[in-house]
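Each chain, written out:
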Amino acid sequence: MSAIVVGGGVNGLVAATYLARAGRKVVLLEAKDALGGACATTTFATGFKGPTIAHALTALDPRVVAELKLARRGLKFAVRDMPTVALRADGKHLVIGRDVRATARGIAAHSRADAEAWPRFRRELFDLARAMRPFWWDEPKRGWNLPPTIATLRRQNLAAWLDSRFESDAVKAAVACDASGLSPLVPGSPLLLVWRGCQEMCGLQSAAAIPLGGPGALVDALTAAAKVASVELRTGAHVADILVKDGAATGVVLESGEEIVAKRVLASLSHSQLLATKAGRSALGIGESTALERSVPAVASAKVLLALNAAPNFGGSPSRGRFLLADKIETFVTAHAASRAGCMPEELALEVVVPTAADPALAPMGQHVVSIRIAPLPRHLAGGWDAAKAPLAAKAIAALERCAPGLARHVTAAQVLTPDDIAKRYGEEDEVTVERVMSDWPSRILTPIKGLFLCGAASEPVGAVSGRAGRIAAAHALREAAK
Ligand SMILES: Cc1cc2nc3c(=O)[nH]c(=O)nc-3n(C[C@H](O)[C@H](O)[C@H](O)COP(=O)(O)OP(=O)(O)OC[C@H]3O[C@@H](n4cnc5c(N)ncnc54)[C@H](O)[C@@H]3O)c2cc1C
């Protein structure tokens, strides 16, 4: 075997396929019985399918889609460019689409000054985002310099940055949702917004899309591409450790005791998961281990799926949207502070999509699926997450009910995944930090063990369904093999 890929999520599948297309003999080992990881469509109630974790594609690398010919392997989109709808308790919902003028007209209902500022802000953000593409989309090339504005943004916080551009809470809160991985008071937090603006979906900058059939359809297309490239796909194969000899990876050992030998191992592990392996512990120095221990996140997110026996009504807004619930930018500030203290935030920030509005086949006729991401939340909640599971769902439904009156009585089933559930299923993520966002690809992908590369979302500047880490890790591994 030339290479082993650990983990069959989007990044593992992408890495394995690029390696196999370059003529390498590759085995992909996935612990679970199904491929896809956090990008999956699940049946959570009889007749109802929904996105287990990721529910809107905002960062899928267009090069992965084109190079792996995913359209030919069956990938179709139910919706390519959902508007963002900031739901307001007063019913003055704000629709932010990619049409700058239409958005500005909607903003005028909240503030004339903000409506005028919007086109300027959008241009500024997109220009910065494009300037950062060579850094975030590729490995840094010789001669490429960080735009000076980025250095300034590293010192500024999002709250102040938005305060100097807008006056209305509605606009500031809606914009801040895309940077909710960091508290808006953290210096450098505007960079998350620039990262988001840098992404392209279906050729559209900063768009949000849903595949036909849900996120699992992307995994089906990637699986088909992997099979065409002759990747050996093994499910139910939990890797217990990485084998290392003289500082270099020599293969892996499965929980069953089976050993598989290869010179290169690409693992969809976070840095904190690597530290948990025997190989990781022995390869890392004390300083590095201590730094990695600190990368275990204090802040995480939860996921709720609801089955509804009627369409949700968000006050006349288009239901094919990405709905955001956060009253003010302070919602994120206080939620981050509470989460870091291990407490449930008083007010939850929600991102909601209605997959059935784009793809009615996901539920019985006339019925609907509502998918909710709740973030930020404490990774470790005082009193434990088990007892807080039902109250969390009730709190999220109550928050939605304020903007979509009557929604609660139409809920017929729910699936709740707390930060604990998510970490148990998919492993511990790495903390989102400004240092991570601004570090280069080699430092996120290479490890102190020769031949061991990290290829999962934790190696991306910000974790998302993108496949970029898998693509770049495969390129690194191929380059090393050619030396
Ligand atoms: C609540 C939540 C909501 C999100 N929503 C979105 C969204 O809407 N849009 C978006 O773009 N992103 C979203 N994300 C992020 C996105 O889901 C992830 O970044 C992405 O799916 C990660 O892909 P991956 O392939 O790197 O890792 P994963 O999908 O986590 O796959 C890793 C795979 O490795 C396997 N594995 C782990 N350890 C081993 C082992 N020892 N042996 C064998 N196999 C192993 C796991 O079983 C898993 O299948 C969300 C994340 C969370 C937590």
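This is a predicted model, so every value here is computed, not measured.

Peer 1: What am I meant to see in the site of the ligand here?
Peer 2: As a structural note, the neighbourhood of the ligand is formed by 35 residues, with G7, G9, G37, A54 and A457 the closest of them. Secondary structure elements with two or more residues in the shell around the ligand: α1 (10-21), β16 (299-308) and α16 (419-426). Each residue belonging to the shell around the ligand can be placed in one class, and the counts come to 17 nonpolar, 14 polar and four charged.

Peer 1: For this particular structure, what's the right way to read the nonpolar core?
Peer 2: The nonpolar side chains of soluble globular proteins are, as a tendency, buried together. Of all hydrophobic cores here, the largest spans 164 residues; its most connected members are L222, L266, L325 and A473. No fewer than three residues from each of domain 1 (3-39 + 54-77 + 212-295 + 428-482) and domain 2 (106-197) sit in this core. With sequence-adjacent residues up to four places away left out, L222 is seen in contact with V10, L13, V14, L68 and L70.

Peer 1: Explain the sheet that holds β16 here, please?
Peer 2: In a beta sheet, neighbouring strands pair by backbone hydrogen bonds and run either parallel or antiparallel. In space, the seven strands of this open sheet follow the order β7-β6-β17-β18-β19-β16-β20, with mixed pairing throughout. Two strands in the sheet have a free side with no partner beyond their single neighbour: β7 (94-96) and β20 (411-417). For this sheet the average axis-to-axis angle between neighbouring strands, irrespective of direction, equals 20 degrees. As paired strands, β16 and strand β19 (residues 368-378) are joined by nine bridges and run antiparallel to one another. Bridging across to β19, A307 finds its partner in V369. Packing against the sheet, helix α15 (residues 389-403) makes contact with β16, β17 (322-325), β18 (350-353), β19 and β20, and its axis sits at approximately 125 degrees to β20.

Peer 1: Just checking my understanding: could you explain the packing of helix α3 (residues 100-107) against helix α4 (residues 112-136) for this structure?
Peer 2: Two numbers describe a pair of packed helices, the interaxial angle and the distance between the axes. Contact pair α3 / α4: the axes reach a minimum separation of 8 Å and the direction vectors enclose 150 degrees. Here α3 is positioned roughly antiparallel relative to α4, judged by the angle of their axes. Considering the relative orientation of α3 and α4, their crossing is right-handed. Residues V100, T103, A104 and I107 of α3 touch α4, and the partners they reach there are D114, A115, W118, P119 and R122. In terms of residue class, the contact of α3 with α4 is made up of six nonpolar, one polar and two charged.

Parameters and conventions
Residues numbered from 1 in each chain as written. Predicted model: local features only at pLDDT ≥ 70, side-chain atom pairs only at ≥ 80, totals over all residues. Near = placed C-beta within 6 Å. Helix = DSSP H or I, 4+ residues; strand = E, 2+ residues; numbered from the N terminus. Nonpolar A, V, L, I, M, F, W, Y, C, P; charged D, E, K, R; others polar. Core = buried A, V, L, I, M, F, W, Y, C linked by C-beta atoms within 7 Å. Buried ≥ 20, exposed ≤ 12 C-beta atoms within 10 Å, placed from the backbone. Domains from an automatic or database assignment. Contact = placed C-beta atoms within 7 Å. Pairing = 2+ DSSP bridges. Axes fitted to C-alpha atoms, helices over the stretch in contact; angles between N-to-C directions. Parallel < 35°, antiparallel > 145°, perpendicular 65-115°, else oblique. Left-handed = near helix turned anticlockwise from the far one by under 90°.

Honestly, it's all geometry; don't read function into it.
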